[in-house]
Amino acid sequence: MRNIVNINRKWAFAKGVSQVPETIPAEWNWVNLPHSWNAIDGQDGGNDYYRGDAIYVKELDKEDLPEAERYYIEIRGANSSADLYVGGKHYAHHDGGYSTWRCDITDAIGIKTQIALIVNNAPNDRVYPQVADFTFYGGVYRDVNILCVSDSHFDLDHFGGPGIKVTPVMDGSNANVEVEVFLTNTKMGQYLQYTIVDAEGNVVHNIATDETKITCTIENAHLWNGRKDPYLYTVEVNLVEGKEILDNVSSRFGCRSFSIDPNKGFILNGESYPLRGVSRHQDRWGIGNALLPEHHEEDIAYILEVGCTTIRLAHYQHDQYFYDLCDETGLVIWAEIPYISQHMPTGRENTVSQMKELIIQNYNHPCIVVWGLSNEITMKGDSDPDLLENHRILNDLCHEMDSTRPTTIAAVSPCPIDSPYIQIPDVVSYNHYFGWYGGDTSMNGPWFDKFHKTHPKIPIGISEYGCEALNWHTSDPKQGDYTEEYQAYYHEELIKAIHQRPYLWATHVWNMYDFGADARAEGGENGQNHKGLMTFDRKYKKDSFYAYKAWLNPEPMVHICGKRYVDRVEDVTRVTVYSNQASVELFANGVSLGVQQHNGLPFFYFDVPNAGVTHLVAVAGELKDESVICKVEKFNEAYRLREKSAILNWFDITEVEGHLSINSTFKEIMATMQGKLLVMGLFAKLAPQMGGGNGGGMDMASMGGMMDMLGGFTFLRLAGMLGTMNINFTKEQLLDINAKLNKIKKKAEK
């Protein structure tokens, strides 16, 4: 009978070691798994976190293991490449930091056995990801187990899979369930016992056979129906010899049908089921990606509180426990591999192996409805024949391995809608940031309308949209100010646009939580992307969190925005209230400021007299929320963005009236011929460097598209962000560019 022994405790650890020592040096550290060596330096900015070799060593005592005929080690996540040594001998190499892999180590097990994992997250041109806006945490950051099995057992060698594949297909109200198992070293006389039970433990089917594939029918199947009713069945299969169970596997599954319609969106079990939700990265402040079960549970709980029906699990395979939680709670999942940002001609094999692992390891999860091929992969252009061929190979592979789920992509904003890349997957989504990275919020809806009209047979969704917010505040929110107020405004406008477009097959906010991106230097807190609806530490729900909760969650709620924005200068200030109730009444120091009715969207705006200290109370039905504002004569500078470790301070930048500077937006600069020539010449020199050099630089067509997208950025703001693309300006370079811009007159406004 199979036994699983967790061996997370007490590993010797050291960075910069690429050889297995005979004895563990005294100066090495002791750590418990899960563990990441970038939990601190991968989140503090500077793009200088350690990327290289590190070693984990453990002595395994045979007395701690049950008697078994075969012993496998199971590594559930080691980023990004790893080599396994047992007893000093090299046993396995694995590329890909987000999936499970195993190795038979039976012949190396002795009374005392040294196990060593040399893990490496250094840059290379073979293993994805290499360029992306998040930290590539190094470490053995998920569980490590010893699987103790008989010589005859369910397969443990095939791409980290569970050895069982369950395919329920609906036929009217019945479910035809195909169960296939994969075996190793079977012998004559052995047979399989299949048992299917419902969620209450009642046996639905019990079949004894020597066939490795069976099909049975569940009559009047109880459907897995998303968040409404995430009902799960369980199939258990025993490998039996005589009266002894040699090995067993089990898997939960859900009976459901779904389709994606270009006009109606997502259809679950024959009914419209709008997919409205968030994306999620698997890291936390001070922990990195070495998450514990309670962290996954908390993340799910907050996502459910928002009212989401879907999560895009970006940009890689997540922990099996998280997929299990999604099965249990009914969240619909987009699962993808980290084929991201930059195509590498030498990385094709790795995209194939990571996709095989993703599908084989996660096939049985009813929550998953699409396989994601890539994310923003055309940043350097969409015409590379090798890139297109790589995608066709992946697309065909997904269909060959899983005929029940469509494929999708997350296309970068400048990617043309007539690109051949767009034609490859079954459904498409775009990452658009109009209103944050240039443009304005009003551009989002019309862009998707244009795509929908141009491609009426291609389902279109929004794979990313969002903007950043920290603890900065204003009564006059503007694009690029990093205030909580602008983020709230941005999401109100995007919710309005999405609400009017039911054809969008799925929409995913970027992101549910702030996350580690060590190359980032913006917003006043370096090393993070702050587009989350909640902070990195999960301690604060930004106002935008409540905008979605009011829109998506039917549970009665009311929320006054701007609780951290207390001191206000203006005599009359705007106060926003979110509620899903029929009406909201706002009181200021006990005096009613009127009742507003719900107009189809849960946003209520009140003009509030601001004098002295004002105690605000919002009443919606039987609910109420409270906050306080104070009249001040001067703006509270604690609310104004302060860049951390800025390359330049504001007083370093020379401004000439009527002329350009590095504080001018790209739209202003590109409106002048001299400015356009200056910028395009500069970026033509930088293009080969963008993305760190793997696979060449960005082509000029893509550069032009990026310039159009970033029209609302100041040159200085973009310079602070280009660290994510391995471009770093010195103070002297920026001052030189500023001096050249100072000589160029701004184009007169019409």
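Within each chain, residues carry numbers counting from 1 in the order of the written sequence. For a predicted model such as this one, the threshold for reporting local features is a pLDDT of at least 70, and the threshold for listing and counting side-chain atom pairs is 80 or more; totals across whole chains, interfaces and linings nevertheless cover every residue. Think of the side-chain values as coming from all heavy atoms in the structure, minus any hydrogens and water.

In DSSP terms, a helix is any run of H or I states spanning at least four residues, a strand is any run of E spanning at least two, and both are numbered starting from the N terminus. Tallying secondary structure elements over the protein gives twelve helices and 44 strands in all. Computed over C-alpha atoms, the radius of gyration of the protein comes to 28 Å, within 12% of the 27 Å expected from 2.2 N^0.38 for 750 residues, which places it in the range of a compact globule. Each residue is placed in one exposure class: buried if its accessible area under a 1.4 Å probe, protein chains only, is under 20% of its type's maximum, exposed if it is over 50%, and partly exposed if it falls in between. Residues counted as buried form 59% of the 750 residues belonging to the protein. Method for areas: the Shrake-Rupley scheme with a 1.4 Å probe, in which residue coverage is limited to the protein chains shown. With an accessible surface of roughly 29,700 Å², the protein has 50% of that area assigned to carbon and sulfur atoms. Two residue types count as positive, namely Lys and Arg, and two as negative, namely Asp and Glu; His and chain ends fall outside the count. By convention, the charge on Lys lies at NZ, on Arg at CZ, on Asp at CG and on Glu at CD. Distance from the positive charge centre (66 side chains) to the negative charge centre (98 side chains) of the protein: 6 Å. When we talk radius of gyration, it's over C-alpha atoms, and the globule rule is simply 2.2 Å times the number of residues to the 0.38.

Right, let's talk about the packing of aromatic side chains for a bit. In this description, a pair of aromatic rings is defined by centroid distance and the angle of the planes. The criterion for an aromatic pair is that two Phe, Tyr or Trp rings (for Trp, the six-membered ring) have centres within 6.5 Å, with stacked assigned to planes under 30 degrees apart, edge-to-face to planes over 60 apart and tilted to the rest. Counted by the stated rule, this structure contains 29 aromatic pairs. Pairing Trp436 with Tyr482 gives two aromatic rings, centres 5.1 Å apart and planes at 85°, and the pair type is edge-to-face. Here Trp436, found in the loop between strand 32 (428-431) and helix 5 (444-454), pairs with Tyr482, found in the loop between strand 33 (460-464) and helix 6 (484-499); they are 46 residues apart in sequence, far enough to count as distant. Here Trp436 falls in the buried class, since its relative accessible area comes to 0%. The buried category is assigned to Tyr482, whose relative accessible area is 1%. When the ring of Trp447 is compared with that of Phe451, the centres are 5.9 Å apart and the planes differ by 25°; the resulting orientation is stacked. In this pair, Trp447 and Phe451 are both assigned in helix 5, four residues apart and thus about one turn of the helix distant.

A word on the sheet that holds strand 40 (residues 583-588). One bridge is not enough; two strands pair if DSSP finds at least two bridges between them. Across the sheet, five strands lie side by side as 38-44-43-40-41; this open sheet has mixed pairing. Bordering the open sheet on either side are strand 38 (567-568) and strand 41 (591-597), each of which pairs with just one other strand. Pairing geometry for strand 40 and strand 41, over five bridges, is antiparallel. Note on strand 41: the bridge partner recorded for Val584 is Gln596.

We now examine the packing of helix 1 (residues 293-306) against helix 2 (residues 320-329). For every element, the axis is a line fit to its C-alpha atoms; helices are fit only across the contacting stretch, and the angle between N-to-C directions ranges from 0 to 180 degrees. Closest axis-to-axis distance for the helix 1/helix 2 pair is 10 Å, and the angle between their directions is 35°. Like other packed secondary-structure pairs, helix 1 and helix 2 cross with a definite hand, here right-handed. On the side of helix 1, the interface is formed by Pro293, His296, Glu297, Asp299, Ile300 and Leu304, while helix 2 contributes Tyr321, Phe322, Leu325, Cys326 and Thr329. The residue inventory of the contact of helix 1 with helix 2, partitioned by class, reads seven nonpolar, two polar and two charged. With the far helix as reference, a near helix turned anticlockwise by less than a right angle produces a left-handed crossing, and one turned clockwise produces a right-handed crossing. Whether two residues are in contact is decided by their heavy atoms: any pair within 4.5 Å suffices. Ten residue types, Ala, Val, Leu, Ile, Met, Phe, Trp, Tyr, Cys and Pro, are classed as nonpolar, four, Asp, Glu, Lys and Arg, as charged, and the remainder, Gly among them, as polar.

What follows deals with empty space enclosed by the protein. Leftover empty space is mapped by rolling, across the atoms, a probe with the size of a water molecule. Only protein atoms enter the 1 Å grid used here, on which a cavity is any set of points holding a 1.4 Å probe that cannot leave and a pocket is any open set flanked by protein within 12 Å on both sides along at least five of seven lines; residues with an atom within 4 Å of a point are listed as lining. Grid points are joined across faces, edges and corners, and a volume is the space filled by probe spheres set on the points. Evaluated as defined, the whole model comprises four cavities of 30 Å³ or more. The calculated volume of the largest cavity comes to roughly 80 Å³. Asn79, Tyr98, Phe134, Thr135, Phe136, Tyr137, His281, Gln282, Asp283, Asn289, Tyr316 and Gly516 together form the lining of the largest cavity. For the lining of the largest cavity, the per-class residue count stands at five nonpolar, six polar and one charged.

What follows covers helix 3 (residues 348-362). Helix span, as expected, comes to 1.5 Å for every residue beyond the first. The first and last C-alpha atoms of helix 3 sit 21 Å apart over 15 residues, in line with the 21 Å expected at 1.5 Å per residue. With eleven of 15 residues buried, helix 3 lies mostly within the body of the structure. Along helix 3, the residues that are buried comprise Asn350, Thr351, Val352, Gln354, Met355, Glu357, Leu358, Ile359, Ile360, Gln361 and Asn362. Those residues of helix 3 hidden inside the fold are in contact with strand 8 (89-95), helix 2, strand 29 (332-336), strand 30 (368-375) and helix 4 (385-401).

A few words on the pairing of strand 14 (residues 164-171). Bridge analysis of strand 14 against strand 15 (residues 174-181) gives eight bridges, and the strand direction is antiparallel. Following the sheet pairing, Asp171 is matched in strand 15 by Asn174. With antiparallel pairing between neighbouring strands as the criterion, strand 14 and strand 15 make up a hairpin whose turn holds two residues, including Gly172 at a positive phi of roughly 70°.

Moving on: the pattern of salt bridges. Any Lys or Arg side-chain nitrogen located within 4 Å of an Asp or Glu carboxyl oxygen qualifies as a salt bridge. Applying the stated rule across the entire model yields 36 salt bridges. A salt bridge links Arg102 to Glu74; the shortest N-O distance between them is 2.9 Å. Taken together, the positions of Arg102 in strand 9 (residues 101-104) and Glu74 in strand 5 (residues 70-75) put the pair 28 residues apart, joining distant regions of the chain. Assigned by exposure class, Arg102 and Glu74 land together as buried.

This brings us to the state of the cysteines. For this text, the term disulfide refers to a pair of cysteine sulfurs within 2.5 Å. If you walk through the whole model with that rule in mind, you get zero disulfides. Counting only cysteine sulfurs, Cys326 is the nearest neighbor of Cys367, a cysteine outside any disulfide, at a range of 5.1 Å. You can see Cys630 has no disulfide; the closest cysteine sulfur is in Cys561, sitting 18 Å from it.

Attention now goes to the environment of Glu655. Residue position: Glu655 is located in the loop between strand 44 (623-631) and helix 8 (666-670). Distance in space between the C-alpha atoms of Glu655 and Asn742 is 6.9 Å, their sequence separation being 87 residues. The residues touching Glu655, leaving out its near neighbours within four places in the chain, are Ser661 and Asn663.

Of all nine residues in strand 4 (residues 53-61), seven are buried, a share of seventy percent or more. Pairing of strand 2 (residues 11-15) with strand 4, which is carried by four bridges, proceeds in the antiparallel orientation. Looking at the pairing, Phe13 lines up with Tyr56 of strand 4. Bridge analysis of strand 4 against strand 10 (residues 112-120) gives nine bridges, and the strand direction is antiparallel. Paired with Val57 across the bridge in strand 10 is Ala116.

A few words now on the environment of Gly439. Its location among the elements puts Gly439 in the loop between strand 32 and helix 5. With a relative accessible area of 30%, Gly439 lands in the partly exposed category. Taking the C-alpha atoms as reference points, Gly439 and Arg568, separated by 129 residues in sequence, lie 29 Å from one another.

Our next topic: the sheet that holds strand 24 (residues 258-261). Taken in spatial order, the three strands make up an open sheet running 24-25-26, and their pairing is antiparallel. Lying at the two open borders of the sheet, with one neighbouring strand each, are strand 24 and strand 26 (271-272). Here strand 24 pairs with strand 25 (residues 265-268) via four bridges, running antiparallel. Bridging from a neighbouring strand, Asp261 pairs with Gly265 of strand 25.

Time to look at the packing of helix 6 against helix 7 (residues 543-552). Pairs of packed helices are described in terms of their axes, by the angle between the two and the distance that separates them. Direction vectors running N to C along helix 6 and helix 7 enclose 25°, while the axes themselves pass 8 Å from each other. What the angle tells us is that helix 6 and helix 7 run roughly parallel. When you trace helix 6 past helix 7, the crossing you get is right-handed. Contacts between helix 6 and helix 7 involve Glu484, Gln487, Ala488, His491, Ile495, Ile498 and His499 on the former and, on the latter, Asp543, Ser544, Ala547, Tyr548 and Trp551. Residues belonging to the contact of helix 6 with helix 7 are distributed by class as follows: six nonpolar, four polar and two charged. Angle categories: roughly parallel below 35 degrees, roughly antiparallel above 145, roughly perpendicular from 65 to 115, and oblique for all the rest.

With that settled, the discussion passes to the layout of surface pockets. Its boundaries defined by the atoms lining it, the second largest pocket holds a volume of some 1,000 Å³. Sorting the residues of the lining of the second largest pocket by element identifies strand 23 (244-253), helix 1 and helix 2 as the ones contributing at least two each. Of the residues that constitute the lining of the second largest pocket, the class distribution is 13 nonpolar, 13 polar and ten charged.

A separate point is helix 7. For helix 7, a buried count of nine out of ten residues is recorded, marking the element as mostly surrounded by other parts of the structure. All of the buried residues in helix 7 are Asp543, Ser544, Phe545, Tyr546, Ala547, Tyr548, Lys549, Ala550 and Trp551.

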